[in-house]
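Listed here are the chains, written in short residue letters.
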Amino acid sequence: MSTIFTRIINGEIPARFVWTDELCVAFLDVRPLAPGHVLLVPRLEIDQWTDLPTDVATHLMSVAQHIGIAQKDLLAPERIGLMIAGFEVPHVHIHVVPINTMRSLDFANADPNPDQDELDRLHQQLGAALQHDPS
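First, a word on scope: everything that follows refers to the structure included in this document. (Residues numbered from 1 in each chain as written. Predicted model: local features only at pLDDT ≥ 70, side-chain atom pairs only at ≥ 80, totals over all residues. Heavy atoms only, no water.)

For the protein chain, the helix and strand inventory stands at three helices and five strands. Taking 14 Å as the expected radius of gyration for a compact globule of 135 residues, we find that the protein chain reaches 14 Å, a close match to that expectation. For the C-alpha atoms alone, the extent of the protein chain along its principal axes is close to 35 × 35 × 30 Å. Sorting the 135 residues of the protein chain into buried and exposed places 43% on the buried side. Looking at the protein chain alone, contacts between residues at least 24 apart form 57% of all its contacts between residues at least 6 apart. When the accessible surface of the protein chain is totalled, it reaches about 7700 Å², and 53% of it is carbon and sulfur. (Helix = DSSP H or I, 4+ residues; strand = E, 2+ residues; numbered from the N terminus. Rg over C-alpha atoms; globule rule 2.2 N^0.38 Å. Buried < 20%, exposed > 50% of the residue type's maximum accessible area, 1.4 Å probe, protein only. Contact = heavy atoms within 4.5 Å. Areas by Shrake-Rupley, 256 points an atom, 1.4 Å probe, with all protein chains shown as cover.)

Turning our attention to the pairing of strand β3 (residues 38-42). Of all five residues that make up β3, five are buried, and the element is covered over most of its length. Because side chains alternate across β3, one face comprises the buried residues V38, L40 and P42, and the other comprises L39 and V41, equally buried. Relative to β3, strand β2 (residues 24-28) runs antiparallel, the two sharing five bridges. Within the sheet, the bridge partner assigned to F27 lies in β3 and is L39. Judged from the three bridges that link them, β3 and strand β5 (residues 94-99) form a sheet pairing that is antiparallel. Paired with L39 across the two strands is H95, which belongs to β5. (Pairing = 2+ DSSP bridges.)

Here the focus is helix α2 (residues 54-75). Between its terminal C-alpha atoms α2 stretches 31 Å, which fits the 32 Å expected from 22 residues at 1.5 Å a residue. Looking at the buried positions of α2, the neighbouring elements they touch are β1 (17-20), β2, β3, β4 (79-83), β5 and α3 (116-131). In the segment just after α2, A76 is the residue with positive phi, at about 55°. (Expected span 1.5 Å × (residues − 1).)

This next bit is on α3. Residues separated by three or four positions in an α-helix point in the same direction, a consequence of the helix having 3.6 residues per turn. Along its 16 residues, α3 runs 22 Å from first to last C-alpha, staying within 8% of the 22 Å computed at 1.5 Å per residue. Residues of α3 that are buried include every one of L119, L122, L126, G127 and L130, and no others. Projected onto a plane normal to the axis of α3, the buried residues spread over an arc of 125° and lie on a single side. The exposed set on the far side of α3, more than 90 degrees from its buried face, consists of D117, Q124 and Q131. Taken together, the buried residues of α3 touch β1, β2, β3 and α2. (Arc of directions from axis to C-beta.)

This brings us to the packing of α2 against α3. Running from amino to carboxyl end, α2 crosses α3 at an angle of 125°, the nearest separation of the two axes being 10 Å. Here α3 runs oblique to α2, going by the angle between their axes. For the crossing formed where α2 meets α3, the hand is right-handed. From α2, H66, I67, A70, Q71, L74 and L75 reach across to α3, where they touch L122, Q125, L126, A129 and L130. Residue composition of the contact of α2 with α3, by class: eight nonpolar, three polar and no charged. (Axes fitted to C-alpha atoms, helices over the stretch in contact; angles between N-to-C directions. Parallel < 35°, antiparallel > 145°, perpendicular 65-115°, else oblique. Left-handed = near helix turned anticlockwise from the far one by under 90°. Nonpolar A, V, L, I, M, F, W, Y, C, P; charged D, E, K, R; others polar.)

If you want it as structure tokens, here you go:
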């Protein structure tokens, strides 16, 4: 059975995509830890990041950096946090989160009901920033 991320990648479940390429996709988290929280997911349905092919892992880090730069420019957080936990869904996913403190990375702080207009605005802004990335 496909993971929820594979179903999102296949268009079965809607998402606010900010990045898509042949190896991965990135979309806004529906339960964000902070405004602009993005999930970066390889198209390959692999449970643990340590099992990723090296070229895919390298590509994911490069894309995460592009996303983080766009988040930093748009949202001006102190830092961009990265987290790979993997307990929620058995499909590698990297959390790219604008943060101001370590507490910003605590899943207990996830917003179960984020403002949908704010998500739409961030979707448009991040998507536009990443489309114009020069590299």
